[in-house]
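One-letter residues, chain by chain:
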Amino acid sequence: MAKKSYNADGLSATDKALEKFTELMIEKIENLQGDWKKPWFTPGVSRPPHNLSGRNYNGGNALMLMMQAEKMGYEIPVWGTFDRIIGLNYSKTKEGKTPITDSEGNKLPPVTINKGEKSFPVFLTTYTVIHSETKEKIPYDDYRNLPKEEQANYKVYPKQQTFNVFNVAAQTNLKEVRPELYEKLKAEISGQMERNEGDMSSHPA
């Protein structure tokens, strides 16, 4: 079993995340009791939060990111880790990472996290897949693509990890240095809102 890493206050990263989730949930409930009205979230915030690859967050991660976005006034529900956001400054080639340039070959200003911004935790379950006899490790995606009879030869060990993410549009300088990408993210959210039909304030079981 992997050891937990603890902070100076004696709490693990998981414990600190759960503590933040609890505070956010209590604050939301208190606000609803004080002035409840439909919908529970403002329309812009009620879009499914997703990462820069377009993959939606699900479960508790989605709920907490929506709450955080509403609390902080974020209008675009796109999030990314520090490494992923910094990765916007490079393109991957066979030779490695290459700085992104404009049409004239000039290096573009770097996308950075705004000074003083604080990240928000999300949980991600990762899987280690090991062959029962050879002890060979394979990627989880490769394991999922195997026939069931071959999957039986492997053991899968889940591990929950905590990652810290930033709102890409609000907590970075993306709007200033990559206005075209910022507008693309904004347009995607507007398009999602327009495609939704019916009363958004109604949430039947």
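## So, the sheet that holds strand E6 (residues 137–138)
Overall, mixed pairing links the 5 strands, which are arranged E1-E2-E7-E5-E6 in an open sheet. Only two strands of the sheet have a single neighbouring strand rather than two, namely strand E1 (50–51) and E6. Examined bridge by bridge, strand E2 (residues 78–81) and strand E7 (residues 154–167) share 3 bridges and lie antiparallel to one another. Residue pairing in the sheet places Thr 81 in a bridge with Val 165 of E7. Contacts from helix H2 (residues 59–72) reach E2, strand E5 (120–131) and E7, with the element oriented near 160° to E5.

## Some thoughts on the packing of aromatic side chains
Counted under the stated rule, the structure contains 4 aromatic pairs. A ring pair is formed by Tyr 127 and Tyr 140, whose centres lie 4.3 Å apart and whose planes are at 20°; its orientation type is stacked. Residue Tyr 127 is found in strand E5, and its partner Tyr 140 is found in helix H4 (residues 140–144); the two are separated by 13 residues along the sequence. Judged by its relative accessible area of 35%, Tyr 127 falls in the partly exposed class.

## Topic: the environment of Glu 70
Take Glu 70: it is sitting in helix H2. On the basis of relative accessible area, Glu 70 is assigned to the partly exposed category, the value being 24%. A sequence separation of 42 residues divides Glu 70 from Lys 28, and the C-alpha atoms of the two residues are 9.8 Å apart.

## A closer look at the side chain of Asn 89
In this fold, Asn 89 is placed in the loop between helix H3 (82–86) and strand E3 (90–93). For Asn 89, the side chain forms a polar contact with the side chain of Arg 178, separated by 3.4 Å. Beyond its immediate chain neighbours, meaning those up to four positions away, Asn 89 contacts Thr 98, Pro 99, Ile 100, Pro 109, Pro 110, Val 111 and Arg 178.

Basis of the calculations
- Residues numbered from 1 in each chain as written.
- Predicted model: local features only at pLDDT ≥ 70, side-chain atom pairs only at ≥ 80, totals over all residues.
- Heavy atoms only, no water.
- Pairing = 2+ DSSP bridges.
- Helix = DSSP H or I, 4+ residues; strand = E, 2+ residues; numbered from the N terminus.
- Contact = heavy atoms within 4.5 Å.
- Axes fitted to C-alpha atoms, helices over the stretch in contact; angles between N-to-C directions.
- Phe/Tyr/Trp six-rings, centres within 6.5 Å; stacked < 30°, edge-to-face > 60°.
- Buried < 20%, exposed > 50% of the residue type's maximum accessible area, 1.4 Å probe, protein only.
- Polar contact = N/O pair within 3.5 Å; in protein donor to acceptor, adjacent residues only side chain to side chain.

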